[in-house]
Amino acid sequence: MPTRKKGASLSVSEIYKKFQIPFVRNGLHEIVRDIIFFLNPEGRIIFITPVVEEITGWTPEECIGRSFAELIHEDDIENMEDRFLKVLNGETSSPAEVRIRKKNGGFMTGEILASPTRKNRHPKGILGILRDTTFRKENEEKLIASEQKQKMLRKELDNYNQHIIEAIENERLRISHEIHDVLGQYLTALKMDLNWLTDNLDNPHEVITRAGKMNNILDEITEKIRRISYNLRPPILDDFGLIAAMDWYIQDYEERTGIRCRFEHDDFIPDDNNKNLTFYRIMQEVLTNTLRHASAHNVKINLRNYDGSILMKISDDGVGIDQDKIKSSKSIGLIGIRERVRHMGGK
């Protein structure tokens, strides 16, 4: 820390007498919360208001006599020296952002407005006003971060909404195909069998055999209708609750995929139908992703009740997923899960 130059410090009365600054004469420098300072032509501080200690930790005595550059972040020195030189040459200077070194080693962000002090129309130094903008800067950065987050969320929601529209259309298409291609074929076969029965009533043995085949077709139609109904919304969910519905789906999933599932749960009956449906749909989405992407052989599903809060955890022995994909706006299934959880106040 350099030694102050002897005689560098000026009293308030000397400042007013030398530079004829009205607010110094009126004592306004003691009220204003900005740091007011004077520099001599060499850039050394010859006066600074006491509020500097509150903002930076430096006392006025520690500042006076020092080069102002010593209190500036090294990356800002060149810009400030250039601005001060222009001020001394009579040029107008706009407010400039600068980082001021604090006594504790940290930095505050400030905004400096500088103008020349004159005597007999000749520049004698610089009058500077330093405003602490640290909080404003932090708030601006928080606002920018918040806006970026909101923009990302809007993009996610747009993608999710588009996904919902596509999912609805795909589901309609799937049901249409099942009704037309599968049920239609069965019904066509039944119609042909009925026509055959009408023409062969005099052959009881053949009629009985054909009637048995028709009964099998009716069983298959009943099973197809049941499956379509369950995929839309399983009645077991409303009739017997979440755990029974999950257990039914998991058993069916094992039969269809060959992936072994272990379902562990506490003995409780969740009574909120909307939340039950949310947990059920999340499980469906996760198990669908496991089938499509994980290359897993085993899945473990846990459903626990902690003082009224329900925790569901699903894990598998598959290849896993990258963190970037988890956060990606293109991971529609995961976005859907997060939206479902957020909608019911979970996390």
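Quantities reported herein were computed from a predicted structural model and do not represent experimental measurements.

Q: I keep staring at the overall build of the protein chain and nothing clicks. Help me out?
A: Secondary structure assignment for the protein chain yields 12 helices and 8 strands. Put simply, the protein chain has 347 residues, and 35% of those count as buried. With the model as given, the accessible surface of the protein chain reaches about 22,200 Å², and the carbon-plus-sulfur share is 51%.

Q: What is the right way to look at the pattern of salt bridges in this model?
A: For side chains bearing opposite charge, pairing can occur when the charged atoms are close. One pass over the full model with this rule turns up 11 salt bridges. Put simply, Asp34 and Arg131 hold a salt bridge, and the shortest N to O gap is 2.8 Å. You can see Asp34 sitting in the loop between α2 (22-25) and β1 (35-39) and its partner Arg131 sitting in strand β5 (residues 122-132), a full 97 residues away along the chain. By relative accessible area, which is 12% here, Asp34 ends up buried. With its nearest N and O atoms 3.0 Å apart, the salt bridge here joins Arg210 to Asp193. Of this pair, Arg210 sits in helix α7 (residues 204-232) while Asp193 sits in helix α6 (residues 134-199), and the two are 17 residues apart along the sequence. Accessibility expressed as a relative area gives 23% for Arg210, which makes it partly exposed. Under the relative-accessibility criterion, Asp193 is labelled buried at 11%. One connected set of salt bridges, linked through shared partners, spans Arg262, Glu264, Asp266, Lys300 and Arg304.

Q: What exactly am I supposed to notice about the packing of aromatic side chains here?
A: The geometry of an aromatic ring pair is captured by the separation of the ring centres together with the interplanar angle, meaning the angle of the planes. All chains considered together, the criterion is met by 6 aromatic pairs. For the pair Phe37 and Phe68, a centre-to-centre distance of 4.8 Å together with 15 degrees between the ring planes defines the contact as stacked. Of the two residues, Phe37 sits in strand β1 while Phe68 sits in the loop between α4 (60-63) and α5 (77-88), which places them 31 residues apart along the sequence. Pair check on accessibility: Phe37 and Phe68 agree, each one buried. Consider the rings of Tyr249 and Tyr253, whose centres lie 6.4 Å apart with planes at 25 degrees: the pair is stacked. Remark: Tyr253 and Tyr249 occur in helix α9 (residues 242-257); sequence separation between them is 4 residues, near one turn of the helix. For the residue pair Tyr249 and Tyr253, the accessibility class agrees, reading buried in each case. The residue whose ring lies beneath Arg66 is Trp58, and the NZ or CZ to ring-centre distance is 4.8 Å. Seen from the ring of Trp196, Arg210 lies directly overhead, with NZ or CZ sitting 4.3 Å from the centre.

Q: How should α5 be read in this particular structure?
A: Side chains that are three or four residues apart share a direction in an α-helix, a result of its 3.6 residues per turn. In this model α5 runs 16 Å from its N-terminal to its C-terminal C-alpha over 12 residues, within 8% of the 16 Å that 1.5 Å per residue would give. All buried positions along α5 are accounted for by Met80, Phe84, Val87 and Leu88. The buried residues of α5 occupy one face: seen down the axis, they fall within an arc of 95 degrees. Contacts made by the buried residues of α5 are with β1, β3 (96-101), β4 (107-119) and β5.

Q: Is there a simple way to think about the nonpolar core in this case?
A: It is characteristic of soluble globular proteins that their nonpolar side chains tend to be buried jointly. Ile35, Phe37, Ile45, Ile48, Phe68, Ile112 and Leu130 are the most contacted members of the largest nonpolar core, which totals 26 residues. When residues in this core are grouped by element, the largest group, 4 residues, is from α5. Ala245, Met246, Cys261 and Val299 belong to the second largest nonpolar core, which has 25 residues in total.

Q: Sorry if this is basic, but what is going on with the sheet that holds β1 here?
A: Two orientations exist for strands paired in a sheet by backbone hydrogen bonds: parallel and antiparallel. Sheet architecture is open: 5 strands sit in the order β2-β1-β5-β4-β3, paired in antiparallel fashion. Two strands in the sheet have a free side with no partner beyond their single neighbour: β2 (45-48) and β3. Sheet twist, expressed as the average angle between the axes of neighbouring strands with direction ignored, equals 35 degrees. Where β1 and β2 come together, 3 bridges link them in antiparallel fashion. In the strand pairing of β2, Phe37 is matched with Ile48.

Q: Mind showing me how you'd approach empty space enclosed by the protein here?
A: Space left empty within the atom packing is revealed by a probe, the size of a water molecule, rolled over the atoms. Counted under the stated rule, the structure contains 2 cavities of 30 Å³ or more. Listing elements by their share of the lining of the largest cavity, those giving two or more residues are β1 and α3 (51-56). In terms of residue class, the lining of the largest cavity is made up of 8 nonpolar, 1 polar and no charged. Computed from the structure, the second largest cavity encloses a volume of approximately 30 Å³. Lining the second largest cavity are Met80, Arg83, Phe84, Ser93, Ser94, Ala96, Ile112, Leu113 and Ala114. For the lining of the second largest cavity, the secondary-structure elements that each account for two or more residues are α5 and β4.

Cut-offs used in this document
- Residues numbered from 1 in each chain as written.
- Predicted model: local features only at pLDDT ≥ 70, side-chain atom pairs only at ≥ 80, totals over all residues.
- Heavy atoms only, no water.
- Helix = DSSP H or I, 4+ residues; strand = E, 2+ residues; numbered from the N terminus.
- Buried < 20%, exposed > 50% of the residue type's maximum accessible area, 1.4 Å probe, protein only.
- Areas by Shrake-Rupley, 256 points an atom, 1.4 Å probe, with all protein chains shown as cover.
- Salt bridge = Lys/Arg side-chain N within 4 Å of Asp/Glu carboxyl O.
- Phe/Tyr/Trp six-rings, centres within 6.5 Å; stacked < 30°, edge-to-face > 60°.
- Lys NZ or Arg CZ within 6 Å of the ring centre and 35° of its normal.
- Expected span 1.5 Å × (residues − 1).
- Arc of directions from axis to C-beta.
- Contact = heavy atoms within 4.5 Å.
- Core = buried A, V, L, I, M, F, W, Y, C linked by side-chain atoms within 4.5 Å.
- Pairing = 2+ DSSP bridges.
- Axes fitted to C-alpha atoms, helices over the stretch in contact; angles between N-to-C directions.
- 1 Å grid on protein atoms, 1.4 Å probe; cavity = no way out; pocket = protein on both sides within 12 Å on 5 of 7 lines; lining within 4 Å.
- Points joined across faces, edges and corners; volume = space filled by probe spheres on them.
- Nonpolar A, V, L, I, M, F, W, Y, C, P; charged D, E, K, R; others polar.

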